[in-house]
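Observations on chain architecture
For reference, the chains in residue letters:
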Amino acid sequence: MSEPKTIDARGLSCPEPAMLTRQAIMELKSGTLVVLTDSFTSRNNIERTGKLAGWKAEIIQDADETYHITLTK
Amino acid sequence: MRAISNFLISRWGPIVTGIVVGILAPVLVALGNPGNMGICVACFNRDIAGALGFHRAAVVQYIRPEIIGFVLGALVAALLFREFKPRGGSSPLIRFLLGIFAMIGALVFLGCPWRAYLRLSGGDWNAIPGIVGLFAGIGLGIIFLKRGFSLGRSRPTAQPAGWVMPVFVVVLLVLLLAAPLFGRDAEGNPVGPIFFSQTGPGSQYAPLWIALAAGLLIGFLAQRSRFCTVGALRDIVLLRDMHLFNGVLALLVAAFLTNLVLGQFKPGFEGQPVAHVNWLWNFGGMVLAGLAFTLAGGCPGRQVFLSGEGDADAAIFVFGMIAGAGIAHTFSLASSPTGPGAYGPAAVIIGLVVLSIIGLAMRETRSA
């Protein structure tokens, strides 16, 4: 299986992280999408954007405080 | 404490913040703030600019404690929940320019989005073309966003960059309390450096500590809930997400009911406080402001709250608004209750041209 599509939204301000997420899930329709962000606000917005479109979200935070949000459908 | 934070981050957060703002703003009017101006982030920054002598419109000069509270309330919330993160470097000069034009647009209308909704809830129907203009401006901003507009990435910075705005508002509080008068006019009378209106909206204010406390509470709640009056509509269009718009609806309902209870609901077009009846420029001013706020990523309140949690880019925007207030009043751009300023309409058109160029030209390679 190929690497899942990844969006690096670190440092981007509202609404770009959630907007890029929505654009990607609309394109993909199903599968796996990974979004990176360093902001707790964006983390929540990305998670909510995914869930509104029926995707499941799994979130881990790595040592340099980057959130890895894995969306699947 | 953690439970409160989780609640404010949930879908109820913006709603609770909207209700608190909707109740407190009319109460602040009852306690002395200008009519339908319990809270206005643009007007209050304009009053601060006047108090500092950046413009000399004698009727709009006062250091508004609400703004000080907004920054410090957001700072406390961000520190408590480990979200205070100094950051910056996302097109600061462009953000400064956006702040200038946001303020010019808001002063042609006579209010920021917060006050547009508060004016509506007080029965000032002149707010309707303003809100339509706000929606149009946000719509324009969304078009640019969809075409790839971006101000680029911010980066973590060293601590001092995040502390500039919190320290600035503490200095403002000291200046408000000390009210130094060591300047002298030609006749030797003491004037400035801090100016306080003797008449007009700047002379109308709620008691200092109540205004500060209200600001602190709203700043705290809004930092947690990300309350934003521009993101509200933007997220519906762009993300099909009602999360923030629910907060605006809550604000409208709460403010309407509070105004009714306090006898402050006075429906009509004529004779509304700190408002004019020129529908075209009520509309036009807010198109410009709405576009500027959308390109900058949030309403003026949100920019102030972000500046309290270490966002130097948001702080630059707020300083741009203060500079914009100086420009608006010295160049006769700001409206008055009699109508638009002499050059206000021209400034709105110039602003729309400049912001359209920025909207089209600022792009970032933002894919991974």
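What counts as what
Residues numbered from 1 in each chain as written. Chains lettered and ligands numbered in written order. Predicted model: local features only at pLDDT ≥ 70, side-chain atom pairs only at ≥ 80, totals over all residues. Heavy atoms only, no water. Buried < 20%, exposed > 50% of the residue type's maximum accessible area, 1.4 Å probe, protein only. Helix = DSSP H or I, 4+ residues; strand = E, 2+ residues; numbered from the N terminus. Pairing = 2+ DSSP bridges. Right-handed = clockwise from strand over helix to strand, strands pointing away. Axes fitted to C-alpha atoms, helices over the stretch in contact; angles between N-to-C directions. Contact = heavy atoms within 4.5 Å. Parallel < 35°, antiparallel > 145°, perpendicular 65-115°, else oblique. Left-handed = near helix turned anticlockwise from the far one by under 90°. Nonpolar A, V, L, I, M, F, W, Y, C, P; charged D, E, K, R; others polar. Phe/Tyr/Trp six-rings, centres within 6.5 Å; stacked < 30°, edge-to-face > 60°.

This paragraph deals with the pairing of strand E3 (residues 56-61) of chain A. Residue and element names in this part refer to chain A. Within E3, only zero of the six residues are buried, leaving the element largely exposed. For E3 and strand E4 (residues 67-72), the ladder comprises six bridges, and the chain directions are antiparallel. By the bridge assignment, Glu58 is partnered in E4 with Thr70. Once E3 ends, the chain turns through five residues before running back antiparallel as E4, passing Glu65 with a positive phi of about 60 degrees.

Attention shifts here to the pairing of strand E1 (residues 5-8) of chain A. Residues and elements named next belong to chain A. Pairing between E1 and strand E2 (residues 32-37): four bridges, direction parallel. Paired with Thr6 across the bridge in E2 is Val34. With respect to chirality, the unit in which E1 leads through helix H1 (residues 16-28) into the neighbouring parallel E2 is right-handed.

Our next topic: the sheet that holds E4 of chain A. Residue and element names in this part refer to chain A. The strand order across the open sheet built from four strands is E1-E2-E4-E3, with neighbouring strands paired in mixed fashion. Bordering the open sheet on either side are E1 and E3, each of which pairs with just one other strand. Ignoring which end each strand starts from, the neighbouring axes of this sheet average 20 degrees apart. Across the sheet, helix H2 (residues 40-52) touches E2, E3 and E4, and the angle it forms with E4 is around 0 degrees.

Before going further, it helps to examine the packing of helix H8 (residues 159-178) of chain B against helix H9 (residues 208-225) of chain B. Each packed pair of helices is defined by two parameters, the angle between the axes and the distance between the axes. All names here are of chain B. It is at 13 Å that the axes of H8 and H9 come closest, and there the two elements cross at 165 degrees. Judged on the interaxial angle alone, H9 and H8 are roughly antiparallel. Considering the relative orientation of H8 and H9, their crossing is right-handed. Facing Leu173, Leu176 and Leu177 of H8, the residues of H9 in contact are Leu208, Trp209 and Leu212. Split by residue class, the contact of H8 with H9 holds six nonpolar, no polar and no charged.

All names here are of chain B. By the definition in use, this model includes 13 aromatic pairs over all chains. With 6.4 Å between their ring centres and 65 degrees between their planes, Phe81 and Phe220 make a pair best called edge-to-face. Of the two residues, Phe81 is situated in the loop between helix H4 (65-80) and strand E1 (87-88) and Phe220 in helix H9; the sequence distance between them amounts to 139 residues. Of the two residues examined, Phe81 and Phe220, each falls in the buried class. Aromatic side chains Trp125 and Phe265 sit 6.2 Å apart centroid to centroid with 70 degrees between the ring planes, which places their arrangement in the edge-to-face category.

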